[in-house]
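The chain contents come next:
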Amino acid sequence: MKKGDILEGIIERVDFPNKGRVYTEDGMVTVKNGIPGQKIRFVIHKKRKNQAEGRLLEVLEKSPLEKRDPVCSNFPACGGCMYQTMLYEDQLAMKARQIKDLLDTAIADAGQVDADGKADYCFEGIKGSPKEFAYRNKMEFSFGDAYKDGPLTLGLHKKGSTYDILTTADCKIVHEDMTKILSCVLEYFQKLGAPYYHKMSHEGYLRHLLLRRAETTGEILVNLVTTSQMDYDLTPLVDEIRALPLEGTIVGILHLINDSVADVVRSDETRILFGQDYFYETILGLRFKITPFSFFQTNSLGAEVLYSTARDYIGDTKDQTVFDLYSGTGTIAQLLASVAKEVVGVEIVEEAVVAARENAVRNGLSNCRFLAGDVLKVLDEIPEKPDFIVLDPPRDGIHPKALPKIIAYGVEHMVYISCKPTSLARDLDVLIRSGYRVEKATCVDMFCSTVHVETVVLIRRKDT
């Protein structure tokens, strides 16, 4: 086996996040973007001493797990939904197996084993999303073209491509309101002949369309992201968007100016074209104000399942001081506030902290305090000591230098909520070797048809 070889084989299994394992006469090859049981043709594009990686060229035979037809026109070319041709219960079973394998290995390698040498903890399976489709309350669509010098497109990246953008006008993981707005915006700029921003030359105008729609209130925030290199009259576009026959209600249309070289959705300047720059969502009876860049779980109904699970794991916090680290807009902190003495939230995104403080006031909670800053630094400035810690870090997990500070508090219990199980596994290894043990874990599927999944873990200090 060498680089450039074209081979065929069957994907025997898929490990997190989407690493298909194909076994050949010359050894195992990792091929991404497949489904267990598919017979595929692939080309070897990386070859090291004991590892080989392949790029999927063609699906020769469907998997026995593909029991239904695609629900959108862009499958399988779009990189958004990997598993929509699998029944939802099969998706859940696969994700549960993936996460259990990861946790079993990490926990056992760290020395937390039973008499048989296996990982000694309780894996409680997976909980599904209340909605399989139209569940996302936030979507970042990109402007571009589907092929070099093609017509303007607006949507999601083609699978495995950094540049090619497919127009996803019938995307099923978002509400139809969002796809109607997408089509309206795309048609407007196609008629104007406005150019998209080219990542290589750093020239052009159109960058992203950031849409946020509340599940419970139906409020919609439209954010058009462009450079400042050109100037177009957006008043007709605002009128066209507002005239759309939508189920929800548009509460704000914003023009975000972004001249950053990096391909990220951000704002150097925000112009309100209509309405306001926020909307409201309700989770487990609490009302939250959400701004364009506030962190908020992208599946509102799934978030209720996630936070209910976390709350059950946290248990009784009466008369306790709770630290909610990486607190976002303060969802978990406010859910705990009614049963705790005090909750201290720490979040690096200042906009989210401002929203969290407003949300606490709006929900009548006086024992929540939110601090803006990096957890690594803020922990040194907080005089209180926690009785309980909730961890909900970003995808990269907890900063390696912050973890010893968290461990040094010596709290009896912690709950870790993770959106990236590989980061979780790495951090659990450190926690276990530092005197903690994993009691139990549950997966919550917040991202149906995709490779992602949330995990909630209860951790206890060994000497308690």
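## Remarks on the pattern of salt bridges
Note on pairing: side chains with opposite charge can pair once their charged atoms come close. Scanning the model with the defined rule gives 30 salt bridges in all. Put simply, aspartate 263 and lysine 199 hold a salt bridge, and the shortest N to O gap is 3.1 Å. With aspartate 263 in the loop between strand S12 (249-257) and strand S13 (269-275) and lysine 199 in the loop between helix H2 (176-192) and strand S10 (206-213), this pair connects stretches of sequence that are 64 residues apart. A relative accessible area of 25% places lysine 199 in the partly exposed class. Taking the shortest distance from any N to any O, the salt bridge between glutamate 439 and arginine 437 comes out at 2.9 Å. With a relative accessible area of 28%, glutamate 439 lands in the partly exposed category. Shared partners join several salt bridges into a network, and the residues in it are Arg13, Asp15, Arg21, Arg97 and Asp101.

## Brief notes about the environment of lysine 127
Along the chain, lysine 127 falls in strand S6 (residues 122-127). Each C-alpha atom, one on lysine 127 and one on glycine 302, is 9.2 Å from the other, the two residues being 175 residues apart in sequence. If near-sequence neighbours (up to four positions away) are discounted, lysine 127 is found in contact with Val305, Thr309, Thr442, Cys443, Val444 and Asp445.

## Re the nonpolar core
Nonpolar side chains tend to gather and get buried jointly when the protein is soluble and globular. The biggest cluster of nonpolar side chains holds 79 residues, and the ones touching the most others in it are Phe143, Val185, Phe189, Val222 and Leu237. Among the elements that line this core, the one with the most residues is H2, at eight residues. If we skip the residues at most four places from it in the chain, valine 185 touches Phe143, Leu154, Leu209, Leu224, Leu237 and Ile241.

## Observations regarding the sheet that holds strand S7 (residues 138-145)
Taken together, the seven strands give an open sheet; going across it, the order is S9-S8-S7-S10-S11-S12-S13, and neighbouring strands pair in mixed fashion. Of all the strands in the sheet, just strand S9 (165-167) and S13 have a single pairing partner and so form its edges. Between one strand axis and the next, the sheet turns through 35 degrees on average, direction left out of account. Pairing analysis gives six bridges linking S12 to S13, with the strands arranged antiparallel. Considered in S13, the bridge of leucine 254 is made with isoleucine 272. Relative to S12, helix H3 (residues 235-242) is tilted by about 155 degrees, and along the sheet it contacts strand S11 (219-226), S12 and S13.

## With respect to the layout of surface pockets
What the second largest pocket holds in volume is close to 360 Å³. Taken together, 20 residues make up the lining of the second largest pocket; nearest its centre are Asp145, Tyr163, Tyr196, His198 and Lys199. At the level of secondary structure, the elements contributing two or more residues to the lining of the second largest pocket comprise S7 and S10. Broken down by element, the lining of the second largest pocket gets its largest block of residues, four residues, from S7. In terms of residue class, the lining of the second largest pocket is built from seven nonpolar, six polar and seven charged.

## What about helix H9 (residues 421-433)?
Taking 1.5 Å of rise per residue, 13 residues should cover 18 Å, and H9 covers 18 Å from first to last C-alpha, within 8% of that figure. Those residues of H9 lying buried are Pro421, Ser423, Leu424, Ala425, Asp427, Leu428, Leu431 and Ile432. Of the surrounding elements, those touching the buried residues of H9 are helix H1 (88-109), helix H8 (402-408), strand S20 (413-418), strand S21 (436-444) and strand S22 (454-461). One or two residues past the end of H9 sits glycine 435, with phi positive at roughly 105 degrees.

## Examining empty space enclosed by the protein
One pass over the full model with this rule turns up five cavities of 30 Å³ or more. As a volume, the largest cavity reaches approximately 130 Å³. Considering the residues around the largest cavity, the lining is formed by 16 residues, among which Cys72, Cys78, Cys81, Gln84 and Cys171 are closest to the centre. Across the lining of the largest cavity, the residue classes tally to nine nonpolar, five polar and two charged. Space inside the second largest cavity adds up to approximately 60 Å³.

## Brief notes about the pairing of S12
Most of S12 is tucked away: eight of the nine residues are buried. Of the crossover connections in this fold, the one passing from S11 over H3 to the parallel S12 is right-handed.

## Observations concerning the side chain of serine 418
When you line up the elements, serine 418 lands in strand S20. Sequence-distant contacts of serine 418, that is, excluding residues within four places in its chain, are made with Leu424, Val453, Glu454 and Thr455.

## A few points about the packing of H2 against H3
Remark: H2 packs on H3, axes separated minimally by 10 Å, with the N-to-C direction vectors making an angle of 150 degrees. Looking at the two axes, H2 sits roughly antiparallel to H3. Like other packed secondary-structure pairs, H2 and H3 cross with a definite hand, here right-handed. Residues Cys184, Val185, Tyr188 and Phe189 of H2 touch H3, and the partners they reach there are Pro236, Leu237, Glu240 and Ile241. In the contact of H2 with H3, the residues fall into seven nonpolar, no polar and one charged.

Each value, and the rule that gives it
Residues numbered from 1 in each chain as written. Predicted model: local features only at pLDDT ≥ 70, side-chain atom pairs only at ≥ 80, totals over all residues. Heavy atoms only, no water. Salt bridge = Lys/Arg side-chain N within 4 Å of Asp/Glu carboxyl O. Helix = DSSP H or I, 4+ residues; strand = E, 2+ residues; numbered from the N terminus. Buried < 20%, exposed > 50% of the residue type's maximum accessible area, 1.4 Å probe, protein only. Contact = heavy atoms within 4.5 Å. Core = buried A, V, L, I, M, F, W, Y, C linked by side-chain atoms within 4.5 Å. Pairing = 2+ DSSP bridges. Axes fitted to C-alpha atoms, helices over the stretch in contact; angles between N-to-C directions. 1 Å grid on protein atoms, 1.4 Å probe; cavity = no way out; pocket = protein on both sides within 12 Å on 5 of 7 lines; lining within 4 Å. Points joined across faces, edges and corners; volume = space filled by probe spheres on them. Nonpolar A, V, L, I, M, F, W, Y, C, P; charged D, E, K, R; others polar. Expected span 1.5 Å × (residues − 1). Right-handed = clockwise from strand over helix to strand, strands pointing away. Parallel < 35°, antiparallel > 145°, perpendicular 65-115°, else oblique. Left-handed = near helix turned anticlockwise from the far one by under 90°.

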